[in-house]
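In case you want the letters, here they are:
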Amino acid sequence: MIMDRQEIIDELKKVLAPYTEDKELLDGINEQTNLITDLKINSANLVDIIIDAESKYNIEIDLDSAEKMINVGSCIDVIVEKMNLKM
Amino acid sequence: MKSTGNDIVALQGINRQRTNHFLFYSKILSVSEQALYYRYGFAEMPFEQFVWLLWSIKESVYKYQKRIVPGLIFSPTKIIIQGIDPPYRHTVTSFGGIQWENNNKESCEELYKGIIIFGAGIFYSRSKIHCEFITTVVSNDENFENTWWGIKPIDHAAYDNQSKAVRAFILDKLKSILPGRQDNLRIGKNRLDCPVVLMGAMEMNIPVSLAHHDHFIAYSFLLKHP
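What you see as residue numbers is a count from 1 along each chain, following the sequence as written. Chains carry letters from A onward and ligands carry numbers from 1 onward, assigned in written order. Only residues with pLDDT of at least 70 get local features here, since the model is predicted, and only at 80 or more are side-chain atom pairs given and counted; chain-wide, interface and lining totals rely on the full set of residues. Side-chain numbers come from the whole structure's heavy atoms, not from hydrogens or water.

(A) Up close: the overall build of chain B. Only runs of H or I of at least four residues qualify as helices and only runs of E of at least two qualify as strands under DSSP, and these elements are numbered from the N terminus. Counting its regular elements, chain B contains 5 helices and 12 strands. Expected size for 226 residues packed as a compact globule is a radius of gyration near 17 Å; at 17 Å, chain B falls within 12% of this value. Summarising its shape, the C-alpha atoms of chain B cover approximately 50 × 40 × 35 Å along the three principal directions. Relative accessibility decides the category of a residue: with a 1.4 Å probe and only protein chains considered, values under 20% of the type maximum give buried, values over 50% give exposed, and everything between is partly exposed. Taken across its 226 residues, chain B has 55% of its residues classed as buried. Considering only intrachain contacts with a sequence separation of at least 6, the fraction spanning at least 24 residues in chain B is 65%. Computed by Shrake-Rupley with a 1.4 Å probe, the accessible areas treat only the displayed protein chains as cover when residues are assessed. Within the structure as shown, chain B displays about 10,600 Å² of accessible surface, and the carbon and sulfur contribution to it stands at 50%. Just so you know, the count uses Lys and Arg for positive and Asp and Glu for negative, and it drops His and the chain ends. A charge is said to be at NZ when it belongs to Lys, at CZ for Arg, at CG for Asp and at CD for Glu. The distance from the centre of the 25 positive side-chain charges to the centre of the 21 negative ones in chain B is 6 Å. Note that the radius of gyration is over C-alpha atoms, with the globule rule given as 2.2 Å times the number of residues to the power 0.38. Note on contacts: a residue pair is in contact if any heavy atoms of the two residues lie within 4.5 Å.

(B) Looking closely at the side chain of Thr 20 of chain A. All names here are of chain A. Inspection of the secondary structure puts Thr 20 in the loop between α1 (5-16) and α2 (23-27). Assessed through its relative accessible area of 3%, Thr 20 is described here as buried. Thr 20 has contacts with Leu 26, Leu 39 and Ile 41, leaving out every residue within four places of it along the chain.

(C) Expanded view of the packing of helix α3 (residues 31-39) of chain B against helix α4 (residues 47-66) of chain B. All names here are of chain B. To get an axis, fit a line to the C-alpha atoms, keeping to the stretch in contact for a helix; angles then go from 0 to 180 degrees between the N-to-C directions. Running from N to C, α3 and α4 point in directions that differ by 125°, and their axes come no closer than 11 Å. One way to sum up the angle between α3 and α4 is to call them oblique. As α3 runs across α4, the sense of the crossing is right-handed. Taken together, the residues of α4 that come into contact with α3 (itself represented by Glu 33, Leu 36 and Tyr 37) are Phe 47, Phe 50, Leu 54 and Lys 58. Any angle between 65 and 115 degrees counts as roughly perpendicular, while under 35 counts as roughly parallel, over 145 as roughly antiparallel, and the rest as oblique. By convention the crossing between two helices is left-handed if the near helix lies anticlockwise of the far one by an angle smaller than a right angle, and right-handed if it lies clockwise.

(D) Quick peek at a negative patch on the surface. Patch definition: residues above 30% relative accessible area lacking any salt bridge, with like charges linked at up to 9 Å and the nonpolar side chains Val, Leu, Ile, Met, Phe, Trp and Tyr linked at up to 5 Å. The working definition used for a salt bridge is a side-chain nitrogen of Lys or Arg within 4 Å of a carboxyl oxygen of Asp or Glu. On the surface, Glu 21, Asp 22, Glu 24 and Asp 27 of chain A together with Asp 160 of chain B cluster together into a negatively charged patch. With respect to the secondary-structure elements, Asp 22 of chain A resides in the loop between α1 and α2. Of the residues examined, Asp 22 of chain A reaches a relative accessible area of 34% and is grouped as partly exposed.

(E) Inspection of the sheet that holds strand β12 (residues 216-222) of chain B at higher detail. Residues and elements named next belong to chain B. Read across the sheet, 4 strands follow the order β3-β7-β12-β11 without closing on themselves; strand pairing throughout is antiparallel. Both edges of this open sheet fall to β3 (100-102) and β11 (208-213), since each of them pairs with a single strand only. Put simply, the sheet's adjacent strands are angled 10° from each other on average, direction ignored. Where strand β7 (residues 147-153) and β12 come together, 7 bridges link them in antiparallel fashion. When the bridges of β12 are listed, Trp 148 appears paired with Phe 221. Here helix α5 (residues 159-177) sits on the sheet in contact with β3, β7, β11 and β12, set at roughly 40° to β12. A strand pair is defined by DSSP finding two or more bridges across the two strands.

(F) Spotlight on helix α3 (residues 46-57) of chain A. The terminal C-alpha atoms of α3 of chain A lie 17 Å apart, and with 12 residues this matches the ideal 16 Å at 1.5 Å per residue to within 8%. When you tally the buried positions in α3 of chain A, you get 10 out of 12 residues, the bulk of the element. Contacts from the buried residues of α3 of chain A go to α1, α4 (63-66) and α5 (72-86) of chain A together with α1 (16-19), α2 (22-25) and α4 of chain B. For a helix, the expected span equals 1.5 Å multiplied by the number of residues minus one.

(G) Region of interest: the environment of Ile 8 of chain A. Residues and elements named next belong to chain A. Here Ile 8 is to be found in helix α1. You can call Ile 8 buried: its relative accessible area is 1%. Between the C-alpha atoms of Ile 8 and Lys 68, which are 60 residues apart in sequence, the distance is 17 Å. With residues near it in sequence (within four places) discarded, Ile 8 still touches Met 3, Tyr 57, Ile 76, Ile 79, Val 80 and Met 83.

(H) Quick peek at the interface of chain A and chain B. Across the contact, 18 residues belong to chain A and 20 residues belong to chain B. By buried area we mean the combined loss of accessible area, with a 1.4 Å probe, across both parts when two parts are placed together. A buried area of about 1,700 Å², summed over both sides, lies between chain A and chain B, and 57% of it is on carbon and sulfur atoms. If you sort the residues of chain A by the area they bury against chain B, Val 47, Leu 63 and Glu 67 of chain A come out on top, with a joint share of 30%. In this structure, the salt-bridge partner of Glu 67 of chain A is Lys 78 of chain B, at a minimum N-O distance of 3.0 Å. Listing elements by their share of the side of chain A that touches chain B, those giving two or more residues are α3 and α4 of chain A. For the side of chain A that touches chain B, the element with the most residues is α3 of chain A, which contributes 6 residues. When residues are grouped by polarity, Ala, Val, Leu, Ile, Met, Phe, Trp, Tyr, Cys and Pro land in nonpolar, Asp, Glu, Lys and Arg in charged, and all others, Gly among them, in polar. Considering only residue class, the side of chain A that touches chain B consists of 8 nonpolar, 3 polar and 7 charged.

So, in structure tokens, the structure goes:
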């Protein structure tokens, strides 16, 4: 299945939702939104997010890619890269 | 350059079942670190607590180094824990207190002591474990000279409350030990997004680290004993 970046953002919101209190900010995220400093996600949940993303998009995120997932844009880059590897 | 780093993990806020899954802990621990669980006599500690103990050490080292290395990215498996010594005959108990503070002048025999390699640096960790939380402070000084750290439970776990409470907690401590009146002391952030102590508009030479998770807050700072 091919998803564009906006579709990935829409799905990513569902992945991030359990880990942020600020649902209003989550609704309005863009590629620059930082997971920790903007969405106030506790760093202890970063591994949860990676594993939830792996499950949501049916991909495997290696450690080198995981460390790039700092903001929404870099999350999408990693997800797109891993989805393309499957095609 | 002087720095400090700390972290706290509230055990109520973690997913125990998920932590015990290889897919989860292999993103935090290297194979050699997984072996420490068996080598260092952690058999009585649930494995998920071991994982979060090592997480708290790694996060503390990252926060220590973030103040020194601009743009540093947290990559847990690149921070290598070489060894970790549990306290002798220690039983994990309920915290039960209003708060706990230590300035390394009082002996504390219930600490887990670790040694860590990250890049070219060697770091030392001290961790305190209770039924409710795991907290760590790190230093590049094996003796933790001039390292102060504290832990406190809070009533409300909302982010804004955690953030305000941990700043008030550390400021109370700093005001109690710095000479003179310190009414204009506050906590800000520098250009590296690290917390700093400000007196008015002036940044003081006191490295600080703040942590909060669920219903617990923690600080560490470096300050020569008055």
